[in-house]
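Structure at a glance
Chain by chain, the residues:
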Amino acid sequence: MVKDVLLKTQINPAQLELEITESFAMEKGSYLNVLHELKDLGVRIALDDFGTGYSSLSYLSGAPIDVIKIDSSFVKQLISDNNRAIVSAIIAMACTLGMEVTAEGVETKTQLYFLRRTNCRYLQGYFFSKPLSLAETQNLLLREKEREKEELKRLV
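Structure report, in brief. Please read these numbers as outputs of a predicted model, since none were measured by experiment. (Residues numbered from 1 in each chain as written. Predicted model: local features only at pLDDT ≥ 70, side-chain atom pairs only at ≥ 80, totals over all residues. Heavy atoms only, no water.)

Scanning the protein for helices and strands turns up 8 helices and 5 strands. Over its C-alpha atoms, taken along the principal directions, the protein stretches across nearly 55 × 50 × 30 Å. When burial is assessed residue by residue, the protein has 29% of its 156 residues classed as buried. Surface exposure of the protein reaches about 10,300 Å², of which carbon and sulfur atoms provide 56%. (Helix = DSSP H or I, 4+ residues; strand = E, 2+ residues; numbered from the N terminus. Buried < 20%, exposed > 50% of the residue type's maximum accessible area, 1.4 Å probe, protein only. Areas by Shrake-Rupley, 256 points an atom, 1.4 Å probe, with all protein chains shown as cover.)

This is the structure we're talking about:
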């Protein structure tokens, strides 16, 4: 079905990222060959809610995963030494395996600073914005583009 949609819409497969939850991936290990087929098409695969299921490192090393999305429950608990250690280890492991990392549920500057220090490049959460409609997203992007233009004018 994904192949048909890609052909019909002429979307570059690299611009399509499909998310599967960690718990689904662990329960439905037989879907590994489907993930490889999607990867062969050029589609990106994200493993969502990472850390909430019973992850198998052997599964993770054999699955065609491009992105690990750290579950917000870990991000919310970054005040705990144990959770900071777990999040740091997840980020280091993913980077070593050539995967991108997204931290979900970022709500505070403290979380933002910690995640940036641990080389987490992608962050999402209410710290940045509440969920937006298409029109609201377009307006936000236009405002940001204008703000950047004004800032460049001041620098030049």
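Past the structure itself, the notes keep going.
Okay, the side chain of Lys69 next. Residue placement: Lys69 occurs in strand 3 (residues 67–70). Looking at Lys69, its side chain comes within polar contact range of the side chain of Gln124, at 3.4 Å. Leave out the neighbours within four places in its chain, and Lys69 touches Glu19, Ala46, Leu47, Asp48, Asp49, Phe50, Thr102, Glu104 and Gln124. (Polar contact = N/O pair within 3.5 Å; in protein donor to acceptor, adjacent residues only side chain to side chain. Contact = heavy atoms within 4.5 Å.)

Here the focus is the state of the cysteines. Under the defined criterion, the tally for this structure stands at 0 disulfides. You can see Cys95 has no disulfide; the closest cysteine sulfur is in Cys120, sitting 8.0 Å from it. Among the residues examined, Cys120 registers a relative accessible area of 2% and is labelled buried. (Disulfide = S-S within 2.5 Å.)

This brings us to the sheet that holds strand 1 (residues 17–21). Here 5 strands make up an open sheet; going across it, the order is 1-2-3-4-5 and the pairing parallel. Two strands in the sheet have a free side with no partner beyond their single neighbour: strand 1 and strand 5 (122–123). By the bridge criterion, 5 bridges tie strand 1 to strand 2 (residues 44–50) in an arrangement that is parallel. Bridge pairing links Glu19 to Ala46 in strand 2. (Pairing = 2+ DSSP bridges.)

Another point: the nonpolar core. Core analysis: the biggest nonpolar cluster contains 31 residues, and Ile65, Ile68, Val87 and Leu115 have the highest contact counts within it. The element contributing the most residues to this core is helix 6 (residues 81–96), with 4 residues. Ignoring any residue separated from it by four or fewer positions in sequence, one finds Leu115 in contact with Val75, Leu78, Val87, Ile91, Ala103, Val106, Cys120 and Leu123. (Core = buried A, V, L, I, M, F, W, Y, C linked by side-chain atoms within 4.5 Å.)

In this section: the environment of Ile68. Counting through the fold element by element, Ile68 comes out in strand 3. For the pair formed by Ile68 and Ala94, sequence separation is 26 residues and the distance between their alpha carbons is 7.1 Å. Those residues in contact with Ile68 that sit more than four places away from it in its chain are Leu47, Phe50, Leu60, Ile90, Ala94, Met99, Glu100, Val101 and Thr102.

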